[in-house]
Amino acid sequence: MVDPKAAAAVHSGHDPIKHTTSPYVTGTSVLGVTYRDGVLLAADTLGSYGSTKRYKSFERLCKVNDQTIIGAGGELSDFQYILTLLEELSNEDFCADDDAKLSPKEIYAYLSRVLYNRRSKMDPLWNSLVVGGVQDGKPFLGTITMLGVHYSDDHIATGFGQMLARPLFRERHRPDMSEEEATQLLHEGLRVCYYRDKQTTNKFQIAKVTTEGTTISEPFALETKWDYKAFVNPGALAMGTW
Amino acid sequence: MANVAYQLGSSGYAANSAHSAPHAHPSWSPYDNNGGTCVAVAGNDYCIVAASTRLSTGFSILSRDVSMIFKLSDKLMILSPGFQADARTLHKVLQQRYIQYQFNHSRPMSVAACAQLLGNTLYYKRFFPYYTFNICAGLDEQGKGAVYSYDAIGSHERSGYAVQGSGKDLIQPVLDNQLKAASPLVLPPENWMSSLPLDQAVDLVKDAFVSAGERDIYTGDAVEIYIITKEGTRREVVELKKD
């Protein structure tokens, strides 16, 4: 099948306008949970080029301001562009010099409009974003897809994490968890993602936001165990498979 | 492509091209279906408005508590199942227009006015539609229940009750049976408004959602119900199965 318009454009020496129809360098899942004093986000640090581990120390969790952090999966260049947009907004806040900063919900609302507008131009920003923050003393956690679909919840996971980590969150999450419990839960979520999602590496970061401010951890590795019987011989316990 | 010295990927169909991006997707769609069911029932002195709260995509549940009901006022609501991003955008547009209307006319918008505005707003995007299947419901200027239902591009009709969304096929025939819509063709014209007492109509709506939740994977978690009368508006939430 040849698109006649595209063929004509080639002959006249002009290419048709191209939009992102598929991503190049991508990040996988972002996980997030609310807890007693704030929100934790977690992601690995891999930027994949298809099945190639292209960038192994790409930080996908970023601080927006003292009360907001964001994490991204999907096209990482698009994420860096989104960060420049947020940077501009933060600079405007700084120049106003009135101590007013964008709140987590405002950033979430803004980003949902940006992603929706780009999808409406048929030129999407190929990302799943997670926004975490503390607003009016309460934790806020929301996510936005490249189509502009957005929702907030007590716990969130994008991409493979939606299938792998979210069921764990649904079983074990409580809004009044301590930081240790919430971190433990995220570790469990990251671990299953690493076991079952080929695009995940064992190099993670956890970002924290509380009323005290934000911190993003140094990259760390999780302890893994590969000698489970089901891993050594996956077919043994499932009759009829290979 | 003779004039292009260097390029990443290629034009044409990425899926079957040798130079496609590492994550070749056969096509990209600007739409999604996030499911959900909405019901509205008009009575002589009430209006019942109800919507499920599950947000889904494909076989995944994204969230269990996302409202599809947009409250323009205590007596005027829009219910929008379908594509959540389009629904939220539509609601934002209507919110703006609702406020502008009050500045221009010094009174709140009637249900009939809002119903026409919603129809026009949908048709404005006739060739890139909002993928939402709306119900506009409330109390009209006589205090009677008013329900309007729409397709994605703005065709609409006032009726005694309406069902939209993923559970429509399951609920519509039940309401047809229980609320007995008079044929618009009978003479002398019959009142198509539900004659059911309010409490019975509320029970019917709850039962309808419980039943839809049993068979429709996109309906579940909870149903949010607004009961609108001239005395005021009451909100109820009924839990549904979470499976």
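Remember, predicted model here, so these are calculated numbers, not experimental data.

What counts and how
- Residues numbered from 1 in each chain as written.
- Chains lettered and ligands numbered in written order.
- Predicted model: local features only at pLDDT ≥ 70, side-chain atom pairs only at ≥ 80, totals over all residues.
- Heavy atoms only, no water.
- Helix = DSSP H or I, 4+ residues; strand = E, 2+ residues; numbered from the N terminus.
- Buried < 20%, exposed > 50% of the residue type's maximum accessible area, 1.4 Å probe, protein only.
- Contact = heavy atoms within 4.5 Å.
- Areas by Shrake-Rupley, 256 points an atom, 1.4 Å probe, with all protein chains shown as cover.
- 1 Å grid on protein atoms, 1.4 Å probe; cavity = no way out; pocket = protein on both sides within 12 Å on 5 of 7 lines; lining within 4 Å.
- Points joined across faces, edges and corners; volume = space filled by probe spheres on them.
- Nonpolar A, V, L, I, M, F, W, Y, C, P; charged D, E, K, R; others polar.
- Pairing = 2+ DSSP bridges.
- Axes fitted to C-alpha atoms, helices over the stretch in contact; angles between N-to-C directions.
- Core = buried A, V, L, I, M, F, W, Y, C linked by side-chain atoms within 4.5 Å.
- Expected span 1.5 Å × (residues − 1).

Student: Help me out: how do you make sense of the overall build of chain B in this one?
Tutor: The helix and strand tally for chain B stands at 4 helices and 12 strands. The buried share of chain B, reckoned over its 243 residues, is 49%. Restricting to contacts in chain B with at least 6 residues of sequence separation, those with at least 24 account for 62%. By element, 52% of the accessible surface of chain B is carried by carbon and sulfur atoms, the whole surface being about 12200 Å².

Student: Could you clarify how one ought to interpret the layout of surface pockets in this entry?
Tutor: Any empty space left between atoms is shown by rolling a water-sized probe over those atoms. Here the largest pocket defines a volume of roughly 1000 Å³. For the lining of the largest pocket, a count of residues per class yields 12 nonpolar, 20 polar and 2 charged.

Student: For this particular structure, what's the right way to read the sheet that holds strand E2 (residues 30-35) of chain A?
Tutor: Residues and elements named next belong to chain A. Sheet architecture is open: 5 strands sit in the order E11-E2-E3-E12-E13, paired in antiparallel fashion. Looking at the sheet topology across the chains shown, the edges are occupied by strand E11 (155-157) and strand E13 (213-216). Mean inter-strand twist for the sheet, computed between neighbouring axes without regard to direction, equals 10°. Where strand E12 (residues 204-210) meets E13, 4 bridges bridge the pair, whose relative direction is antiparallel. Paired with Lys-208 across the two strands is Thr-215, which belongs to E13. Packed on one face of the sheet, helix H6 (residues 179-196) meets E2, strand E3 (38-44) and E12 and runs near 160° to E2.

Student: Mind showing me how you'd approach empty space enclosed by the protein here?
Tutor: Residue and element names in this part refer to chain A. A full pass over the atoms with the stated rule returns 2 cavities of 30 Å³ or more. The volume enclosed by the largest cavity comes to roughly 50 Å³. For the largest cavity, the full set of lining residues is Thr-28, Ser-29, Leu-31, Ala-42, Ala-43, Asp-44, Arg-60, Leu-190, Cys-193, Thr-200 and Phe-204. Within the residue set of the lining of the largest cavity, elements represented by two or more residues are E3 and H6. Tallied by class, residues from the lining of the largest cavity come to 6 nonpolar, 3 polar and 2 charged. If you add up the space inside the second largest cavity, you get close to 30 Å³.

Student: I keep staring at the nonpolar core and nothing clicks. Help me out?
Tutor: Burial of nonpolar side chains together is a common tendency in soluble globular proteins. In terms of nonpolar packing, the biggest core is built from 44 residues, with A:Leu41, B:Ile78, B:Leu118 and B:Cys136 touching the most fellow members. Looking at this core, the elements that each hand over two or more residues are E3, strand E8 (127-135) and E12 of chain A together with strand E5 (69-73), strand E6 (76-79), helix H1 (84-105), helix H2 (111-124) and strand E8 (145-150) of chain B. Counting residues per element, this core draws most heavily on H2(B), at 6 residues. If sequence neighbours within four positions are ignored, B:Cys136 has contacts with B:Leu76, B:Met77, B:Ile78, B:Val111, B:Cys114, B:Ala115, B:Leu118, B:Ala146, B:Val147, B:Tyr148 and B:Tyr150.

Student: Would you explain H6(A) in this entry?
Tutor: One turn of an α-helix holds 3.6 residues; hence residues three or four places apart share an orientation. All names here are of chain A. In this model, H6 (18 residues) spans 26 Å end to end at C-alpha, consistent with the 26 Å of a helix rising 1.5 Å per residue. Turning to H6, its buried residues are Ala-182, Leu-185, Leu-186, Gly-189, Leu-190, Arg-191, Cys-193 and Tyr-195. Among the structural elements, E2, E3, helix H4 (160-164), helix H5 (166-172), E12 and helix H7 (229-232) are those in contact with the buried residues of H6.

Student: For this particular structure, what's the right way to read the sheet that holds strand E10 (residues 161-165) of chain B?
Tutor: Working definition: the strands of a sheet are paired by backbone hydrogen bonds and lie parallel or antiparallel to each other. All names here are of chain B. What the 5 strands build is an open sheet, ordered E10-E1-E2-E11-E12; its pairing is antiparallel. Each edge of the open sheet carries a strand with a single partner, namely E10 and strand E12 (232-239). In this sheet, adjacent strand axes meet at a mean angle of 10° when their direction is disregarded. Bridge analysis of strand E11 (residues 222-229) against E12 gives 8 bridges, and the strand direction is antiparallel. Paired with Ala-222 across the two strands is Glu-239, which belongs to E12. Helix H3 (residues 168-179) rests against strand E1 (37-42) and E10 of the sheet, and its axis sits at about 170° to E10. The sheet strands contacting helix H4 (residues 198-215) are E1, strand E2 (46-52), E11 and E12, and the helix crosses E2 at an angle near 15°.

Student: When you look at the environment of A:Arg54 in this model, what are you seeing that I'm missing?
Tutor: Residues and elements named next belong to chain A. Locating Arg-54 in the fold gives a position in strand E5 (residues 52-55). Under the relative-accessibility criterion, Arg-54 is labelled partly exposed at 44%. Sequence-distant contacts of Arg-54, that is, excluding residues within four places in its chain, are made with Leu-46, Gly-47, Ser-48 and Tyr-49.

Student: Hey, could you run me through the pairing of E11(B) in this one?
Tutor: Two faces make up the sheet, and in a regular strand the side chains alternate between them. Residue and element names in this part refer to chain B. Most of E11 sits out of view: 8 of its 8 residues are buried. Alternating residues of E11 divide into Ala-222, Glu-224, Tyr-226 and Ile-228 and Val-223, Ile-225, Ile-227 and Thr-229, and every residue in both groups is buried. Here 7 bridges tie E2 to E11, and the two strands are oriented antiparallel to one another. Residue pairing for E11: Ala-50 is matched across the bridge by Ile-225. Linking E11 back to E12 in an antiparallel pair, the connection comprises 2 residues.

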